[in-house]
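Residues per chain, in single letters:
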Amino acid sequence: MPVHSAGPDVMHRAPRAARRTVLLTGASGVVGRALLQRLRDLDVVCLVHRSPVSGPNVSTALGDIAEPMLGLDERAYVELAAKADAVIHCAAITDFNRAGDRLEATNVAGTEHVAAFAAAANAVLYHVSTAFVHTKADGDRGRTAIGYASSKSAAEEAVRASGVPHVFVRPSVVIGDSVTGEIAAFQGLHQVVAGMFAGMVPMIPFDPGWPIDFVPADVVADTIACLVENRASEGEFWISAGDKALRLDEGVAVVVEFAGALGVSIDTPRFVPPDMFDRLIGPVFLDALPVKIRRNIMRMLEFFTTYLRSGETKPSSLDQLVALGVKPLPDQRVSLRNSVRYWATEKGYALPKAEQAA
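Residues numbered from 1 in each chain as written. Predicted model: local features only at pLDDT ≥ 70, side-chain atom pairs only at ≥ 80, totals over all residues. Heavy atoms only, no water.

1. Section: the confidence of the model for the protein chain
Per-residue confidence for the protein chain gives a mean pLDDT of 86; residues scoring 70 or more make up 86%. The model gives residues 1-17 a pLDDT under 50, and that stretch makes 46 contacts with residues more than four places away or in other chains. (pLDDT = per-residue confidence, 0-100. Contact = heavy atoms within 4.5 Å.)

Here it is, written out as structure tokens:
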């Protein structure tokens, strides 16, 4: 998995006087919402399906990437292709419990339709993939979650096969804004936090030293925007913490410490070897739980199994992209704490006075 540098063969800087138009898919999603806050110097046309979006430099087109011609009539399609200088494709089903046919229709066929549009517009396609694109199932656990990664891998192949100029952007697990913690929709990591707050995570069947890789939404948006603004026309860029990722026990400690500041007592989960949990603990522990709690725990196990990958350190392009103006990765503990704080506020937990003043 090579990390492509931002060299002169990849970067073509735009004339500063030109006001450009970008087609953005998935504008109502986690990355899309963050991008709308960042793409202030471009005219952004958002292809919307259900959820409306707005902004001072934003217009919308009602469509659907799962349909040929993006669900647009011929005239609208041609007019949009005539003015789009670049395409940022964020739209995807990210719920790893969705059925395979839904993943195929949106993540794969939808990407083919977006690539066809980029070809018609003679535009570079900035395809937002995932840092877990090469992830494989590890035994029985993780097989449900692997469908998402497989669909994103197939989507990348569809982009390559299309022949359009393209840039692959591969974010890791996305959390809230590094400062405010704000996020368009709570993700898998937030579900794990919710499970810890609810006392449903007494043990974690993984090595505490494994890295847990995540990146704030504003860092992802800033990276994509910088690539577009600098007219990158090829390359694969990994938006991940890489060797700056927290260890699993460090991430858990952040959550436990913040819960304590809220007056919520959480027993630090006990780390147990995965094989011991699968052979001895899991069958007895899980079967004794109510169905709903067991289902939630299994979802968390799927998440961790798929996205921890036995201590694998993700490649990262962030240090190389700083030369383009991409913001450096903020302190991981601070970003995680801010993300947990936003989640707790939204869920109705009363923040301590010091947090409220901040």
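Picking up after the structure, the text goes on.
2. A closer look at the packing of aromatic side chains
A full pass over the atoms with the stated rule returns 6 aromatic pairs. Judged by centre distance (5.4 Å) and plane angle (80 degrees), the rings of tyrosine 77 and phenylalanine 117 are edge-to-face. Of this pair, tyrosine 77 sits in helix H2 (residues 74-83) while phenylalanine 117 sits in helix H3 (residues 100-121); the two residues are 40 residues apart in sequence, bridging distant segments of the chain. No difference in accessibility class separates tyrosine 77 from phenylalanine 117, as the two residues are buried. (Phe/Tyr/Trp six-rings, centres within 6.5 Å; stacked < 30°, edge-to-face > 60°. Helix = DSSP H or I, 4+ residues; strand = E, 2+ residues; numbered from the N terminus. Buried < 20%, exposed > 50% of the residue type's maximum accessible area, 1.4 Å probe, protein only.)

3. Some words on the pairing of strand E2 (residues 43-48)
Counting buried positions along E2 yields 5 of 6 residues, so the element is predominantly enclosed. Pairing of strand E1 (residues 21-25) with E2 involves 5 bridges; the strand directions are parallel. The partner of threonine 21 across the bridge, within E2, is aspartate 43. With respect to chirality, the unit in which E1 leads through helix H1 (residues 30-38) into the neighbouring parallel E2 is right-handed. (Pairing = 2+ DSSP bridges. Right-handed = clockwise from strand over helix to strand, strands pointing away.)

4. Considerations on the sheet that holds strand E6 (residues 166-171)
Reading across from one edge, E3-E2-E1-E4-E5-E6-E11 is the order of the 7 strands in this open sheet, with parallel pairing throughout. The open sheet has two edge strands with one neighbour each: strand E3 (58-62) and strand E11 (236-239). On average, adjacent strands in this sheet sit at an angle of 20 degrees to one another, irrespective of strand direction. Here helix H4 (residues 146-162) sits on the sheet in contact with strand E5 (124-128), E6 and E11, set at roughly 165 degrees to E6. (Axes fitted to C-alpha atoms, helices over the stretch in contact; angles between N-to-C directions.)

5. Some details on the nonpolar core
Nonpolar side chains tend toward joint burial in soluble globular proteins. Core analysis: the largest hydrophobic core is formed by 46 residues, its most contacted members being Leu24, Leu35, Cys46, Ile88, Tyr126, Ile224 and Leu227. Ranked by residue count, the leading element in this core is helix H6 (residues 217-229), at 9 residues. The contacts of isoleucine 224, once residues within four sequence positions are left out, are Val31, Leu35, Ile88, Val128, Val169 and Ile239. Ranked by size, the runner-up nonpolar core spans 42 residues in total, among them Phe132, Trp238, Val252 and Trp343. (Core = buried A, V, L, I, M, F, W, Y, C linked by side-chain atoms within 4.5 Å.)

6. Quick notes on the environment of alanine 184
Relative to the helices and strands, alanine 184 is located in the loop between strand E7 (173-175) and helix H5 (188-197). With a relative accessible area of 44%, alanine 184 lands in the partly exposed category. When the C-alpha positions of alanine 184 and glycine 32 are compared, they lie 8.8 Å apart, and in sequence the two are 152 residues distant. Here alanine 184 is in contact with Ser28, Gly29, Val30 and Arg33, once residues within four sequence places are set aside.

7. So, the layout of surface pockets
Here the idea is plain: a probe the size of a water molecule rolls over the atoms and shows the empty space left. For the second largest pocket, the calculated volume is near 270 Å³. Elements with a contribution of two residues or more to the lining of the second largest pocket: H1 and H6. The element best represented in the lining of the second largest pocket is H1, accounting for 5 residues. For the lining of the second largest pocket, a count of residues per class yields 6 nonpolar, 2 polar and 7 charged. (1 Å grid on protein atoms, 1.4 Å probe; cavity = no way out; pocket = protein on both sides within 12 Å on 5 of 7 lines; lining within 4 Å. Points joined across faces, edges and corners; volume = space filled by probe spheres on them. Nonpolar A, V, L, I, M, F, W, Y, C, P; charged D, E, K, R; others polar.)

8. Examining the packing of H1 against H6
For any two helices packed against each other, the geometry comes down to the angle between their axes and how far apart the axes lie. The contact between H1 and H6 brings their axes to 8 Å, and the two run at 60 degrees. Classified by the angle their axes make, H1 and H6 are oblique. With respect to the hand of their crossing, H1 and H6 are arranged in right-handed fashion. Residue-level inspection shows Val30, Val31, Ala34, Leu35 and Arg38 of H1 in contact with H6, the latter providing Ala217, Val220, Ala221, Asp222, Ile224, Ala225, Cys226 and Glu229. Here the contact of H1 with H6 is composed, by residue class, of 10 nonpolar, no polar and 3 charged. (Parallel < 35°, antiparallel > 145°, perpendicular 65-115°, else oblique. Left-handed = near helix turned anticlockwise from the far one by under 90°.)

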